[in-house]
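As a plain string of letters, each chain reads:
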Amino acid sequence: MTKVQDGLPAETRELAGWGRYPTASGLATRPERISAVREVVASERWTSVLARGLGRSYGDPAFNPEGCTLLTERLDRLISFDPASGWLRAEGGLSFRAILDLFLPRGWFLPVTPGTRHVTLAGALACDVHGKNHHRDGSVGRHLGRLRMLLASGEEVECSAQERPELFHATVGGMGLTGVVLEAELRLRPIQTAMIRQQVRPAGDLDSLMALLEEHDTRVPYSVAWLDTVAEGRNLGRGVLLLGDHAEIADLPSSQVGNPLRRRPGLRATVPFDAPGGLLNPTTIRAFNATYFNLQKRKAGESLIALDPYFYPLDIVDDWNRMYGRSGFVQYQFVVPTATARATLVGVLEACARQGLASFLSVLKRFGPGAGNLSFPFEGYTLTLDFPVAPGLFEFLDELDRRVLDAGGRLYLAKDARMSPASFRAMYPEFPRWLEVKRQVDPHDRFRSAQSIRLGMHSLEVPSR
């Protein structure tokens, strides 16, 4: 059903994150110009508003079932670019994919990128996304300049780490709840080629894998480890460390020197239907993991690899989230301090084994500091696990929450679908500081999401329900 609110059409549609859990019915509108965003925010007909980019957060942070969800991907105009410094200014709906398509052929790359190109500039800063270089370069918030924002009052303001820093640090990692980011500045980094010098380092157990990560912390800019969650006993936590650095022209074979910035994205595939329930189970995942680990062992050493498959291996499979079936899946990502990391990781892996749960996609990384009040990263280790939604899963994840809390860690808001309000407050000690800024710029809680409603992020008090 389509309605017209203040001259802007709004359609009732089913809304969800990339994990396809949870889902909700709500009104959404897709403005073509920033002037239409101003109309929606100013309209008294909407109880609340939330800007949404390309919907690649996993749980319920990127839709608003109670009010209006603003679909911003068409607000993607370039404002300016300075080739002397690398500073790009653009509207918030510009995607990382578009930035790469435009600027990689000119010798520029993103300063920080998550594992998909399908995120918007505003969405990336709202989640303060991190990448394979976080241990060295931090999150995307550390590479931002000025932001132009539309506040709940209708006022448009600019902020940065130097100008209105309280608003800036509440907005970076603030999940879109302080206002709509209309424009943002991001500093790109120069590169010579579209290739990566990759090193593959297999590790037979968790201790060996963590030792490799720490050994290479200061040696290479990019590092990420795949972890086998079904390996047990002496092989518990075995995995493969993938190190990377941008190749220079001198590293290329003679056949590529003439066009060093040519993209080589590789083959593409798609998941055309929802996989039947139970396809991803411990038996199939065990078989896949054993095959993958042995394949990577044979690839051990150094090689050149194209930039796209190194940074975005899952982007070659369209709609890969359908592999988890119609019920969807939860991506559970936590970070814990280095001092408690090993014990926590061992405890989580052993708990998964006892529960009979296996994660198809499991990634281990080292972190440096974050940039905002509600930024997820801090110095330590982060582990990402995927679980299909099934009976008993959330009770088990509550158990993992307690382990993470006891270790001084927290969960990633951009991937959360079921964290409790009490756990959120315990995990994010700067929430009171963030809420103080939120109340100043949005005193009536105009900007809301399904997640903020669930977590009661309008108040310091834990919701009674």
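Residues numbered from 1 in each chain as written. Predicted model: local features only at pLDDT ≥ 70, side-chain atom pairs only at ≥ 80, totals over all residues. Heavy atoms only, no water.

Draft legend 1. Representation of the overall build of the chain within the structure. Counting its regular elements, the chain contains 14 helices and 22 strands. The C-alpha atoms of the chain give a radius of gyration of 22 Å, which matches the 23 Å a tight globule of 465 residues would have. Taken along the three principal axes of its C-alpha coordinates, the chain extends 60 × 55 × 45 Å. Put simply, the chain has 465 residues, and 59% of those count as buried. Put simply, 73% of the contacts in the chain that link residues at least 6 apart link residues at least 24 apart. Surface summary for the chain: the accessible area is close to 18900 Å², and the carbon and sulfur share equals 51%. One way to put it: in the chain the 55 positive side-chain charges average out to a point 4 Å from where the 52 negative ones average out. (Helix = DSSP H or I, 4+ residues; strand = E, 2+ residues; numbered from the N terminus. Rg over C-alpha atoms; globule rule 2.2 N^0.38 Å. Buried < 20%, exposed > 50% of the residue type's maximum accessible area, 1.4 Å probe, protein only. Contact = heavy atoms within 4.5 Å. Areas by Shrake-Rupley, 256 points an atom, 1.4 Å probe, with all protein chains shown as cover. Lys, Arg positive; Asp, Glu negative; His and termini not counted. Charge placed at Lys NZ, Arg CZ, Asp CG, Glu CD.)

Draft legend 2. The arrangement of the packing of helix H6 (residues 206-215) against helix H10 (residues 338-355) in detail. Interaxial distance between H6 and H10 falls to 11 Å at its minimum, and their mutual angle equals 150°. In terms of orientation, H6 lies roughly antiparallel with respect to H10. Relative to H10, the crossing made by H6 is right-handed. Within the contact between the two elements, H6 uses Leu206, Asp207, Met210 and Glu214 and H10 uses Thr338, Ala341, Arg342, Leu345 and Val346. Grouping the constituent residues of the contact of H6 with H10 by class yields five nonpolar, one polar and three charged. (Axes fitted to C-alpha atoms, helices over the stretch in contact; angles between N-to-C directions. Parallel < 35°, antiparallel > 145°, perpendicular 65-115°, else oblique. Left-handed = near helix turned anticlockwise from the far one by under 90°. Nonpolar A, V, L, I, M, F, W, Y, C, P; charged D, E, K, R; others polar.)

Draft legend 3. Structural context of the pattern of salt bridges. Applying the stated criterion across every chain, the model contains 37 salt bridges. Here Arg454 makes a salt bridge to Asp60, at a shortest N to O gap of 2.8 Å. Of this pair, Arg454 sits in helix H14 (residues 450-455) while Asp60 sits in the loop between strand E4 (49-52) and strand E5 (68-71); the two residues are 394 residues apart in sequence, bridging distant segments of the chain. The residue Asp442 makes a salt bridge to Lys438 at a minimum N-O spacing of 2.7 Å. Owing to a relative accessible area of 3%, Lys438 belongs among the buried residues under this scheme. (Salt bridge = Lys/Arg side-chain N within 4 Å of Asp/Glu carboxyl O.)

Draft legend 4. Broad picture of the side chain of Thr384. As for its placement among the helices and strands, Thr384 is situated in strand E21 (residues 380-388). Among the polar contacts made by the side chain of Thr384, one reaches the side chain of Gln333 at a distance of 3.4 Å. When neighbours within four sequence positions are excluded, Thr384 is seen to be in contact with Gln331, Tyr332, Gln333, Leu361, Ser362, Val363 and Lys415. (Polar contact = N/O pair within 3.5 Å; in protein donor to acceptor, adjacent residues only side chain to side chain.)

Draft legend 5. Up close: the packing of H10 against helix H11 (residues 393-406). Contact geometry of H10 with H11 gives a least axis separation of 10 Å together with a crossing angle of 165°. The angle between H10 and H11 places the two elements in the roughly antiparallel class. Where H10 crosses over H11, the two elements pack in a sense that is right-handed. Residues Thr344, Gly347, Val348, Ala351, Cys352, Arg354 and Gln355 of H10 lie in contact with H11, whose contacting residues are Phe396, Glu399, Leu400 and Arg403. Its residues placed into classes, the contact of H10 with H11 shows five nonpolar, three polar and three charged.

Draft legend 6. Summary view of the pairing of strand E19 (residues 329-336). Of all eight residues making up E19, eight are buried, and the element is well covered by its neighbours. In E19, alternate side chains face the same way, and those of Phe329, Gln331, Gln333 and Val335 on one face and Val330, Tyr332, Phe334 and Val336 on the other are all buried. Sheet topology note: the E19/E21 ladder contains eight bridges and is antiparallel. Paired with Val336 across the bridge in E21 is Tyr381. (Pairing = 2+ DSSP bridges.)

Draft legend 7. Representation of the sheet that holds strand E7 (residues 87-91). Spatial ordering of the open sheet is given by E6-E7-E11-E9-E10, a layout of five strands whose pairing is antiparallel. Among the strands making up the open sheet, the edge pair consists of strand E6 (78-82) and strand E10 (156-159). Recorded for the sheet is a direction-independent mean angle of 10° between the axes of neighbouring strands. Of the pairings in the sheet, the one linking E7 to strand E11 (residues 180-187) comprises five bridges and is antiparallel in character.

Draft legend 8. Geometry of the packing of aromatic side chains. One pass over the structure, following the stated rule, counts 20 aromatic pairs. Ring centres 4.9 Å apart and planes at 85° place the aromatic pair Tyr222 and Phe311 in the edge-to-face group. Of this pair, Tyr222 sits in strand E14 (residues 222-227) while Phe311 sits in helix H9 (residues 307-311), placing them 89 residues apart in sequence. Residues Tyr222 and Phe311 agree in their burial class; the two are buried. For the ring pair Phe288 and Tyr292, a centre distance of 6.0 Å and an interplane angle of 20° mean the geometry is stacked. (Phe/Tyr/Trp six-rings, centres within 6.5 Å; stacked < 30°, edge-to-face > 60°.)

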